[in-house]
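Remarks on the overall topology
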Amino acid sequence: MATEVVAATDHAGPHGASGATRAVGAGIPVEISEGVTRVLAPNPGILTGPGTNTYLIGREDVAVIDPGPADPGHIDALLGAVASLSGSLRWVLVTHTHPDHFPAAAALSARTGAETIGFGARDGFVPDRSVGDGFVLHVGGPGGAHLRALHTPGHSSNHLCFLLEDTGVLFSGDHIVDGSTVVIAPPDGDMASYLASLERLRGLHPPISAIAPGHGGVIDDPLARIDWYIAHRKEREAAILEAVARLAPAGSLDIVRAVYDREPESVYPLAACSVRAHLMKLSHEGAVRAVSSKTPQSAPAETPPGADDVVVVATSTYVGSSGETDDEWWELA
Ligand SMILES: [Zn+2]
């Protein structure tokens, strides 16, 4: 069952990605379905699992989704894969502007003239064409395909998934990965948006047939995986609410410790991102509020801190901390 593959963490990359991806190795094109080829980038790591998946769609006119890091070997592998399809690279689509997904776009475009496409300029990525929800790219050639952009904020505010409308395969970037859940790191990461985006994908008609994620192997049970993702976040949220109620006022790190008590401290920095994302969602919803000190505030402060007032503490605050760095306290609203 999927939940055995998906590690009980929502902070690290896909540790348990499919053996197929690992066994094949970086740089070797793998046809994962008709007209869809995957090339794994050589950037394995805690946040990238086996590495970033770059996908090639089409045969004559080829589109790349998530070119990956600007690794010369990876770029050569991609161009070799395009050549082996007897194709020419026409488009480079980017799901989001995290550094494991887009940097090779510039080199690919420079070497082929391919048009770069993404949500907009950010983080050093400047697409030739900025697109949003509903944009459809017709990938020509025999058996041409249609890629529809779906704006799926949550992991990042500029995240796009791409749906291959002809077959129902969803290229999910980092919105859904194989082998773990994904990091939601505020302020750009937003838990409420993330869950709304998941619900939207869950409700697509016709339903998604498979998910080709940014990391890990193809997910053949997409709806079950989305259900698990949503259920997992709801469980975490319930655990966080319980910790806030029990510890009130609860320091951010104490909440992390309470919710991730069965996990090693090494996961706390990333876990803290997810906890923060949940707390900001709960704050927006009026379920919790930030208080300025450890002293309980039975009456509302003169200026009740709204979610927008919440100071976003850098992730590094939590690294190796022992609790003394807690500077935010939470209680039920
Ligand atoms: Zn990624």
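About the cut-offs
- Residues numbered from 1 in each chain as written.
- Predicted model: local features only at pLDDT ≥ 70, side-chain atom pairs only at ≥ 80, totals over all residues.
- pLDDT = per-residue confidence, 0-100.
- Contact = placed C-beta atoms within 7 Å.
- Pairing = 2+ DSSP bridges.
- Helix = DSSP H or I, 4+ residues; strand = E, 2+ residues; numbered from the N terminus.
- Core = buried A, V, L, I, M, F, W, Y, C linked by C-beta atoms within 7 Å.
- Buried ≥ 20, exposed ≤ 12 C-beta atoms within 10 Å, placed from the backbone.
- Domains from an automatic or database assignment.

**Side note on the confidence of the model for the chain**
In the predicted model, the chain carries a mean pLDDT of 85, and 81% of its residues have values of at least 70. Segment residues 1–23: pLDDT under 50, and 68 contacts once partners within four positions in sequence are set aside and those in other chains are kept. pLDDT under 50 marks residues 297–326. Its contacts with residues more than four places away, or in other chains, come to 35 contacts.

**Structural notes on the pairing of strand β9 (residues 145–151)**
For strand β8 (residues 136–139) and β9, the ladder comprises four bridges, and the chain directions are antiparallel. Across the sheet, valine 139 pairs through a bridge with alanine 145, a residue of β9. As paired strands, β9 and strand β10 (residues 160–164) are joined by five bridges and run antiparallel to one another. Opposite histidine 151, over in β10, you have leucine 160 as the bridge partner.

**Focus: the environment of histidine 155**
With respect to the helices and strands, histidine 155 occurs in the loop between β9 and β10. It is 4.9 Å that separates the C-alpha atoms of histidine 155 and glycine 189, two residues lying 34 residues apart in sequence. When near neighbours in sequence (up to four residues on either side) are disregarded, histidine 155 contacts His96, Asp174, His175, Val182, Ile184, Gly189 and Tyr194.

**Topic: the nonpolar core**
If you look at the biggest cluster of nonpolar residues, it comprises 84 residues, and the most contacted ones within it are Ile57, Ala63 and Val64. Among the elements that take part in this core, helix α8 (residues 268–284) stands out by supplying ten residues, more than any other. Formed jointly, this core draws a minimum of three residues from each of two domains, domain 1 (2–231) and domain 2 (248–332). When neighbours within four sequence positions are excluded, alanine 63 is seen to be in contact with Ile57, Gly58, Arg90, Trp91, Leu93, Leu137, Val139 and Leu147.

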